[in-house]
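# Survey of secondary and tertiary structure
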Amino acid sequence: MNTDHKCSIKQLLVFFIWTVVAVLWVNHPAEAKVYIDITAPAIRKLPVSITAKGSPRAKEIKWIVRNDLETTGMFEFIDQDIPGAEITAKIVVELSERLKILLSVNDLIEDREVLRKRFESPKKNVRAVAHIISNDIYKMATGKKGIFRTKISYLANSSSGRKELSLMDWDGYSSRKIVSKGLTASHSWSNDGRYIIYSAARNRKWRIYFLDLERHREKVMFSSKGLNLVGGASAEDIISFSSSRDGSPEIYVMNIHGKGLKKLTRSFGIDVSPVFSPDGGKIAFVSDRGGSPQVYTMDSKGRGIKRLTFEGPYNTSPSWSPDGKWVAFVGRKDGKNQIFMVQSVGMELRQLTFSGNNEGPAFSPDG
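What comes next concerns the included structure.

Reading the values: rules and limits
Residues numbered from 1 in each chain as written. Predicted model: local features only at pLDDT ≥ 70, side-chain atom pairs only at ≥ 80, totals over all residues. Heavy atoms only, no water. Helix = DSSP H or I, 4+ residues; strand = E, 2+ residues; numbered from the N terminus. Rg over C-alpha atoms; globule rule 2.2 N^0.38 Å. Buried < 20%, exposed > 50% of the residue type's maximum accessible area, 1.4 Å probe, protein only. Contact = heavy atoms within 4.5 Å. Polar contact = N/O pair within 3.5 Å; in protein donor to acceptor, adjacent residues only side chain to side chain. Core = buried A, V, L, I, M, F, W, Y, C linked by side-chain atoms within 4.5 Å. Expected span 1.5 Å × (residues − 1). Pairing = 2+ DSSP bridges. Axes fitted to C-alpha atoms, helices over the stretch in contact; angles between N-to-C directions.

## What to know about the overall build of the protein chain
- Along the backbone of the protein chain there are two helices and 27 strands.
- Its C-alpha radius of gyration of 23 Å places the protein chain within 12% of the 21 Å reference for a compact globule of 367 residues.
- With the C-alpha coordinates aligned to their principal axes, the bounding extent of the protein chain is approximately 70 × 45 × 40 Å.
- Per-residue burial for the protein chain yields a buried fraction of 49% across its 367 residues.
- Considering only residue pairs separated by 6 or more positions, the protein chain has 43% of its internal contacts joining residues 24 or more positions apart.

Spelled out as structure tokens, the structure:
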């Protein structure tokens, strides 16, 4: 299966569906110590050792946890036989009818246990439990929530040539197809991660659908003549989308039940790709009202329209950072698509990619 080059990887959201994990006992010290200050100008790496024993699945869990934490760039892994680690994580795995795990994290400098947690889960959930362990260690070390149980939604071309909407773990494993009929690159998550909203052309009619991932049920949210492409969801699950129902594409909003339809833009140009800021107060979108596609912002009522991008002839696919301070987008430079970021208030511009063609920028929950 090849990833469709026209499709974007959409924003990650915390997602616990399909995994049943019983936390039997948790121990946190009264005064939690922050080992890694992620707000510091220069973040030091925390020296860590991880040991795993018991079932053969222990090594797999250890590998997943190490890969999760290593990817953050905040942890330095020390072999258990070599001095230098400041904390050590011990993972003991028992596998019978169910998967049973004991996690113990110790501060080697202060000689005390800083985290103890037991898990019980169906055997098939090895990767899910490992990601939860990574989240626990990350939170213990930083005081912040980890992103290792998040999912990525994406479109791919199947061997038959059909576009398939799929999900995978944040690290690329456990991919599964969820929709394969008439899909476009336009799709988004609900705020709570329960629904995926997407656009599809079926029976020569464009509609916006949502899929309930908990109940595995699909429902039509919006249907009209013309082209209807979903944008994003606000914190209150108000859905933004573009529709050419009245002629040229304009920006609309509705609630997640398909009610309360409101038209926000009225221009002679094309207005598409609307996405809410994290607080729901603003919408970034793409418009060619100035002569070429550029990124604009407006408030959630359609007022105060402001042009955000000025460099380059073709800028599309806006995506907000979780703190709302930046908007990532695709900009055409030297004939190729590259990823940029621009301040949502201010003029600072950063180019993030420099080679090849790059599309579909999206932020993880921690930025």
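## Side note on the environment of D171
- Tracing the sequence through the fold places D171 in the loop between β10 (163–169) and β11 (176–179).
- Take D171: its relative accessible area is 18%, and that puts it in the buried class.
- A C-alpha to C-alpha distance of 30 Å links D171 and V286, two positions 115 residues apart in sequence.
- Those residues within four positions of D171 in sequence are excluded, and the remaining contacts are N67, D68, R127 and H131.
- Of the polar contacts made by the side chain of D171, one reaches the backbone nitrogen of Y173; its length is 3.4 Å.

## Let's talk about the nonpolar core
- Ranked by size, the top nonpolar core spans 36 residues in total, and within it F75 and I133 carry the most contacts.
- Put simply, the parts of the chain that give this core at least two residues each are β4 (46–54), α1 (57–71), β5 (75–77), β6 (87–95), β7 (99–107), β8 (112–121) and α2 (126–142).
- With nine residues, the single largest contributor to this core is α2.
- In contact with F75, not counting residues within four places along its chain, are I36, K45, L46, V48, L69, Y138 and A141.

## As for α2
- For α2, spanning 17 residues, the distance from its first C-alpha to its last is 24 Å, which sits close to the expected 24 Å at 1.5 Å a residue.
- Count one or two residues on from α2 and you reach G143, which has phi positive near 80°.

## So, the pairing of strand β22 (residues 294–299)
- Burial runs high along β22: five of the six residues are buried.
- Across six bridges, strand β21 (residues 282–287) lies against β22 in antiparallel orientation. The partner of V286 across the bridge, within β22, is V295.
- Remark: six residues form the turn of the hairpin made by β21 and β22, two consecutive strands paired antiparallel; G291 in that turn has positive phi of roughly 115°.
- Where β22 meets strand β23 (residues 306–307), two bridges bridge the pair, whose relative direction is antiparallel. Bridging across to β23, Y296 finds its partner in R307.
- Where β22 folds back onto β23 in an antiparallel hairpin, the turn is made up of six residues, including G302, whose phi is positive at roughly 95°.

## Notes on the sheet that holds strand β25 (residues 326–333)
- If you trace the four strands from one edge of the open sheet to the other, you get β24-β25-β26-β27, paired in antiparallel fashion. On the outer flanks of this sheet lie β24 (315–320) and β27 (349–351), each paired with one strand and no other. Averaged over all adjacent pairs, the angle separating strand axes in this sheet is 30°, with direction ignored.
- By the bridge criterion, four bridges tie β24 to β25 in an arrangement that is antiparallel. Across the sheet, residue W320 finds its bridge partner in β25, namely V327.

## Side note on unusual backbone geometry
- Despite not being glycine, N203 has its phi angle at roughly 55°, a positive value.
- According to the relative accessible area criterion, N203 is exposed, its value standing at 76%.
- With phi around 65°, R204 is a residue other than glycine that occupies positive phi space.
- Mapped onto the elements of the fold, R204 is located in the loop between β13 (195–202) and β14 (205–212).

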